[in-house]
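Breakdown of the fold
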Amino acid sequence: MTGIIEMKILAEFVGVDGVSARREIFLVRRNVDQPHLKDFGLTLEEGKAILQRMQVEHTQFQVEQCGMRDRECVGCERLRAIHDYRTRSIHTLYGVCQVRAPRFRSCNCSAPRDAASASRLLALMA
Ligand SMILES: [Zn+2]
């Protein structure tokens with residue numbers, strides 16, 4: 001045995017489809033064979049890193065979920081093809097989060113072009 005303990009901090013996100021996604025937020029390691037009082041509990045730096053990482057993962061998950069909703073054509077309800085992904089910055093209370101946001105191709109249905117290509121998510125980040 002190494003004397004090293006680990007605390008994995010995971011976040012479980014549940015999407016609009018009810019599917020869960022787990023993401024590792026942070027890993028804390030401590031040596032219990034040579035304990036120091038300063039090693040008990042989280043450090044201020046670890047606490048800040050956990051909060052910042054949580055914010056990034058939460059924001060990315062929200063972007064993914066909003067993107068899935070936007071992917072459905074409002075004219076015919078079919079899923080539009082993904083054109084590409086773009087990196088966007090979202091300013092949050094706990095810092096700027098870089099997220100990966102999808103862009104979709106326009107639908108070929110007879111819906112008005114504005115309706116068939118609408119992306120609420122990208123409109124927010126424009
Ligand atoms: Zn359509």
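The paragraphs below set out a description of the structure included in this document. Starting from 1, residues in each chain are numbered consecutively following that chain's sequence as written. At least 70 in pLDDT is required for a residue's local features to be given in this predicted model, at least 80 for side-chain atom pairs to be given and counted, and no such filter applies to totals for whole chains, interfaces and linings, which use all residues. Where side-chain values are given, they derive from all heavy atoms of the structure, hydrogens and water being excluded.

**Some remarks on the pattern of salt bridges**
- Throughout this description, the term salt bridge denotes a Lys or Arg side-chain nitrogen within 4 Å of a carboxyl oxygen of Asp or Glu. Per the stated rule, a full pass over the model turns up 10 salt bridges.
- Of the charged contacts in the structure, one is a salt bridge between Lys 38 and Asp 39, with a shortest N-O distance of 3.2 Å.
- Residue classification places Lys 38 among the exposed positions, given a relative accessible area of 63%.
- Partly exposed describes any residue whose relative accessible area lies between the buried limit of under 20% and the exposed limit of over 50%, with all areas from a 1.4 Å probe on protein chains only and scaled to the type maximum. Take Asp 39: its relative accessible area is 24%, and that puts it in the partly exposed class.
- Linking Glu 57 and Arg 53 is a salt bridge whose minimum nitrogen-to-oxygen distance equals 2.6 Å. Taken together, the residues Glu 57 and Arg 53, both in helix α1 (residues 44-71) and 4 residues apart, mark about one turn of the helix.
- According to the relative accessible area criterion, Glu 57 is buried, its value standing at 10%. By definition, any uninterrupted DSSP run of H or I lasting at least four residues is a helix, any uninterrupted run of E lasting at least two residues is a strand, and each is numbered from the N terminus.

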